[in-house]
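Below, each chain spelled out in residue letters.
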Amino acid sequence: MFKYLICLALVFGATRIVAQDIQWEEVAPGVWKGTIGKPESYNLLTASGAKPYAEGLKNMGDVVFPLIKAEITGKLVDGKTYLRFPLDKKEQVYGFGLNFQTVHQRGKILQLHVDHYGGKDNGRTHAPTPFYVSSNGYGVFINSARYLNVYAGSAVKRDGENVPEAKDRNTDKSWSSRPYSDGVEILVPAEGVEFYVFAGPKPLDAVRRYNLFNGGGVLPPRWGLGFTQRVKTLYTAKDVADEAKAFEDKGFPLDFIGLEPGWQSRAYPCTFEWDAKRYPEPGKFVKEMLDKGIRLNLWTNPYVSPEAGIYKSIKPYTADHTVWVGAVPDLTMPEARDILFGQLKRGQVDLGVSGYKFDEVDGYDHYLWPDVTIFPSGKSAEQVRQTYGLLIQRYSADLFRERNQRTYGLVRASNGSGSALPYVIYNDYYNHEDFITALINSSFSGVLWTPEARASKTGEEWLRRMQSVVFSPMAMINAWSSGTKPWSYPEVEKQVRDMAILRMKMMPYWYSEFAKYRFQGIPPFRAMNLEDGYQSDLKKEVKSTNLEDNPYVEAVSKEVKDQYMAGEYLLVAPMFTGKTSRTVILPKGKWFDFYTGAYAGDGEIITVTPGLDKIPVYVKDGGIIPMGPALMHAPKPSEKLDLEIRYYGSKPGRYMLYDDDGETFNYESGAFSFREINISKTASGQLKTTVSAAQKGKPNTINKITFKAMTK
Ligand code: GAL
């Protein structure tokens, strides 16, 4: 009867404090579940529906528990759960969701709460994933669909293990308003919770286990990695066709076009029905676009207009508060889902639409449903808010899965356990530097992020933004309001085209890197902190004199927010408008210029002046980058392509090149291959190359292969 051993029960006034034993279970190699009290049955894992990718976890092998179990503690206090995890003196923590301005989270106080990012890293963001990764090589995930208060090394316990000395502020200059703390503490507003500890040994291993535990990362269809343009909101079918033609005429690649609110007969709230004037024959229109090799992605928010055909039937399954006077479907209820997604299926997916952009499922508070909203399922407004993004991704993705067709769309909210959901996060904020920091942080949160380009004040800014977009999970222009085209700034049109073409040529690399996300949990776009040989120590520290500053200011001043890893071998260091040079931290080992193959440095900080045409990109020694032809659309399922395999430096290199049909889920039943490429250099500088043979009965889209030694 007493499942949980009660060690200590104290009653102070009306507050009941019960220290709890944690029940531990190893649920997969290197993944432990800790349970305390009575966890709620509705949580992030139940909302996402994620199932561990067992084979991937098994391949990572067995490891020992990465912490001392006795140092992880929990209490039930006044109907809430207090969790505490230890921190070492030198330890840094990363993660806690999609932050935009900081990478190092130690010393932070956050309330993890799904919201539109408001300009501060305070926990309110599009994916406030309750997962953190330690520089010591482990990760912790709190599986709760609640707003969580996180004290990430900010609080000092009276009788703790490492209590810092109390100092006299009057006389002691070293006094700090924020003394050293040796724990991450988390308040979960529920009488129990389950949480997971992921072993390393390296921080990247903990991230990989987290992603694999949540189903493995997203493998987009090949076309999803091509170029996408979102058109002005009131475009008509003819305008869209003309836009596609303009891309073709001007020699810009294009794989999918995004239609914004105007495709619907009413929006904000929505009808989910085509506007009869702008799109009189939607079936014909979608088909004609597909025939030209252009897929369509449709914007929508989920709020149902009283004018919508589905309004009456869905109303009983909607909340008692509205968003823009539209009904809010309770997506935790199958009845609501059947009606909403049934409409999307009949109205659009069955016509050949390839994906969606689910908008406004994140916040802001002034338009979203308030926390006093009643949902018919009985789930609280808080639980629905924390999981709405997960639910809409999961069930919309099912519409495509049923057709054995992959999708790749956009969403403005997600949360923990969303690694496998085929969506990329975007928002309305528009700071290029912060967009790069978000890209870095996405790798700690099991989400993908696009630094979309919308418009710019100058050609220079446009080019700089487009350069970053090309080295990101979704190469997108979002011109819903501006109408900007890739060629809108004639002075940089050529450079923008070159970048777009580079994106297409790199398709074999991008696709293989996403396959590694899917099968090995390795985020394709990653923080430097996850890279071997990376030393943040190289960065000069800035000593703060402000007493209110974070005591970890030294570590914070060393955080790197403006460069990242793209796939196995590339380091990307974006340029921001107005800057002609920048510094780049190269991890230990030799690095080479991506464009020329020239030696760039080894474990050092370099200063580069790349000119306007280039975004600085560096390749690891022995790096192998498979390049395809400059296609205008992603290749068709069995289209065979020539490959040019570029090789950098002189160290023997190995690359696993992924192949499948690029569109279906047949890879899940074995219809895929990884072909091994090995390259080394002989003493006389000759390349020795091998490529494993195509396996019989497996997809093979590779035609002729040539090799190119980039480093002379
Ligand atoms: C915003 C969204 C934009 C665009 C716009 C259309 O909420 O973030 O990307 O889609 O809606 O009204």
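Residues numbered from 1 in each chain as written. Predicted model: local features only at pLDDT ≥ 70, side-chain atom pairs only at ≥ 80, totals over all residues. Heavy atoms only, no water.

(A) Seen up close, the overall build of the chain. For the chain, the count of helices and strands is 13 helices and 38 strands. Relative to its length of 712 residues, the chain is compact, with a C-alpha radius of gyration of 26 Å against a globular reference of 27 Å. For the chain, the C-alpha atoms occupy an extent of roughly 75 × 75 × 55 Å along the three principal directions. Every one of the 712 residues in the chain was classed for burial, and the buried ones make up 60%. Side-chain charges in the chain split into 88 positive and 82 negative, and the spacing between the mean points of these groups amounts to 3 Å. (Helix = DSSP H or I, 4+ residues; strand = E, 2+ residues; numbered from the N terminus. Rg over C-alpha atoms; globule rule 2.2 N^0.38 Å. Buried < 20%, exposed > 50% of the residue type's maximum accessible area, 1.4 Å probe, protein only. Lys, Arg positive; Asp, Glu negative; His and termini not counted. Charge placed at Lys NZ, Arg CZ, Asp CG, Glu CD.)

(B) Representation of the side chain of S144 within the structure. With respect to the element layout, S144 can be found in the loop between strand 11 (138-142) and strand 12 (148-152). Within polar-contact distance, the side chain of S144 engages the backbone nitrogen of R146 at 3.2 Å. Each residue touching S144, except ones within four places of it in the same chain, is listed here: L44, V188 and V193. (Polar contact = N/O pair within 3.5 Å; in protein donor to acceptor, adjacent residues only side chain to side chain. Contact = heavy atoms within 4.5 Å.)

(C) Summary view of the site of the ligand. Around the ligand, the neighbouring residues are E260, P261, Y268, W299, K357, D359, E360, R412, Y426, D428, N478 and W480. In this structure, E260 approaches the ligand through a side-chain N or O atom, which is 2.4 Å from an oxygen atom. Between the ligand and the protein, one listed contact pairs an oxygen atom with a side-chain N or O atom of R412 at 2.9 Å. When the ligand is considered free in solution it has 310 Å² of accessible area, and contact with the protein chains removes 95% of it. (Near = heavy atom within 4 Å. Areas by Shrake-Rupley, 256 points an atom, 1.4 Å probe, with all protein chains shown as cover.)

(D) Summary view of the packing of helix 9 (residues 432-442) against helix 10 (residues 459-470). Between helix 9 and helix 10, the least distance of the axes is 11 Å, while the angle of their chain directions is 10°. Of the possible angle classes, the one that applies to helix 9 and helix 10 is roughly parallel. Side by side, helix 9 and helix 10 meet where H432, F435 and I436 of the first sit next to R464, R465 and S468 of the second. Of the residues contributing to the contact of helix 9 with helix 10, the split by class is two nonpolar, two polar and two charged. (Axes fitted to C-alpha atoms, helices over the stretch in contact; angles between N-to-C directions. Parallel < 35°, antiparallel > 145°, perpendicular 65-115°, else oblique. Nonpolar A, V, L, I, M, F, W, Y, C, P; charged D, E, K, R; others polar.)

(E) Quick peek at the sheet that holds strand 16 (residues 256-259). Across the sheet, eight strands lie side by side as 23-22-21-20-17-16-15-24; this open sheet has parallel pairing. At either end of the open sheet lies a strand with only one pairing partner, and these are strand 23 (448-449) and strand 24 (475-478). Here four bridges tie strand 16 to strand 17 (residues 295-300), and the two strands are oriented parallel to one another. Paired with F256 across the two strands is R295, which belongs to strand 17. (Pairing = 2+ DSSP bridges.)

(F) Summary view of the confidence of the model for the chain. Model confidence for the chain is summarised by a mean pLDDT of 95, while 95% of its residues fall at 70 or above. Here residues 1-8 is modelled with pLDDT under 50, and outside its nearest four sequence neighbours on either side it reaches 16 contacts, counting other chains as well. (pLDDT = per-residue confidence, 0-100.)

(G) A look at the pairing of strand 31 (residues 605-608). Burial of the side chains of strand 31 is restricted to one face: I606 and V608 are buried, whereas none of I605 and T607 on the reverse face is. Where strand 28 (residues 582-585) and strand 31 come together, four bridges link them in antiparallel fashion. Paired with T583 across the bridge in strand 31 is T607.

(H) Local environment of the domain arrangement of the chain. The domain architecture assigned to the chain consists of domain 1 (2-213), domain 2 (227-481) and domain 3 (526-620). Put simply, the middle of domain 2 and the middle of domain 3, counted by C-alpha atoms, are 33 Å apart. Tallying the contact residues gives 16 residues for domain 2 and 23 residues for domain 3. A buried area of about 1700 Å², summed over both sides, lies between domain 2 and domain 3, and 67% of it is on carbon and sulfur atoms. At the boundary of domain 2 with domain 3, the tally comes to zero salt bridges. (Domains from an automatic or database assignment. Buried area = accessible area lost by both parts, 1.4 Å probe. Salt bridge = Lys/Arg side-chain N within 4 Å of Asp/Glu carboxyl O.)

(I) Layout of the pairing of strand 24. Neither face of strand 24 is open: one carries A475 and I477, the other M476 and N478, and all of them are buried. Pairing analysis gives four bridges linking strand 15 (residues 227-230) to strand 24, with the strands arranged parallel. Looking at the pairing, R230 lines up with N478 of strand 24.

(J) Inspection of the nonpolar core at higher detail. V240, I257, L259, F285, W369, F471 and L570 are the most contacted members of the largest nonpolar core, which totals 171 residues. Element by element, the count of residues in this core is highest for helix 8 (residues 381-401), at 10 residues. Residues contacting L570, with those up to four places away along its chain left out, are F471, M506, Y509, Y564, M565, F594, V617, Y618, V619 and I625. (Core = buried A, V, L, I, M, F, W, Y, C linked by side-chain atoms within 4.5 Å.)

(K) The environment of K494, seen in detail. Within the element layout of this structure, K494 appears in helix 11 (residues 493-505). The exposure class assigned to K494 is exposed, which follows from its relative accessible area of 51%. Through-space distance from the C-alpha of K494 to that of D602 is 33 Å; in sequence the pair is 108 residues apart.

(L) The packing of aromatic side chains, seen in detail. Per the stated rule, a full pass over the model turns up 62 aromatic pairs. On the numbers, 5.5 Å between centres and 90° between planes, the contact of W24 with F195 is edge-to-face. Here W24, found in strand 3 (residues 23-28), pairs with F195, found in strand 14 (residues 192-199); they are 171 residues apart in sequence, far enough to count as distant. Ring geometry for F519 versus F674: centroids 5.8 Å apart, planes at 75°, classification edge-to-face. Of this pair, F519 sits in helix 12 (residues 507-520) while F674 sits in strand 36 (residues 673-681), placing them 155 residues apart in sequence. (Phe/Tyr/Trp six-rings, centres within 6.5 Å; stacked < 30°, edge-to-face > 60°.)

(M) Representation of the packing of helix 11 against helix 12 within the structure. Between helix 11 and helix 12, whose axes approach to 5 Å, the crossing angle comes to 55°. Here helix 12 runs oblique to helix 11, going by the angle between their axes. Residues R503, M504 and K505 of helix 11 touch helix 12, and the partners they reach there are M507, P508 and W510. Here the contact of helix 11 with helix 12 is composed, by residue class, of four nonpolar, no polar and two charged.

(N) The sheet that holds strand 25 (residues 525-527), seen in detail. Overall, antiparallel pairing links the six strands, which are arranged 25-26-27-32-29-30 in an open sheet. In the strand order of this sheet, the two ends are held by strand 25 and strand 30 (599-602), each with one partner. Ignoring strand direction, the axes of neighbouring strands in this sheet form an average angle of 35°. Where strand 26 (residues 564-566) meets strand 27 (residues 570-572), three bridges bridge the pair, whose relative direction is antiparallel. The residue bridging A566 from the neighbouring strand is L570, located in strand 27.

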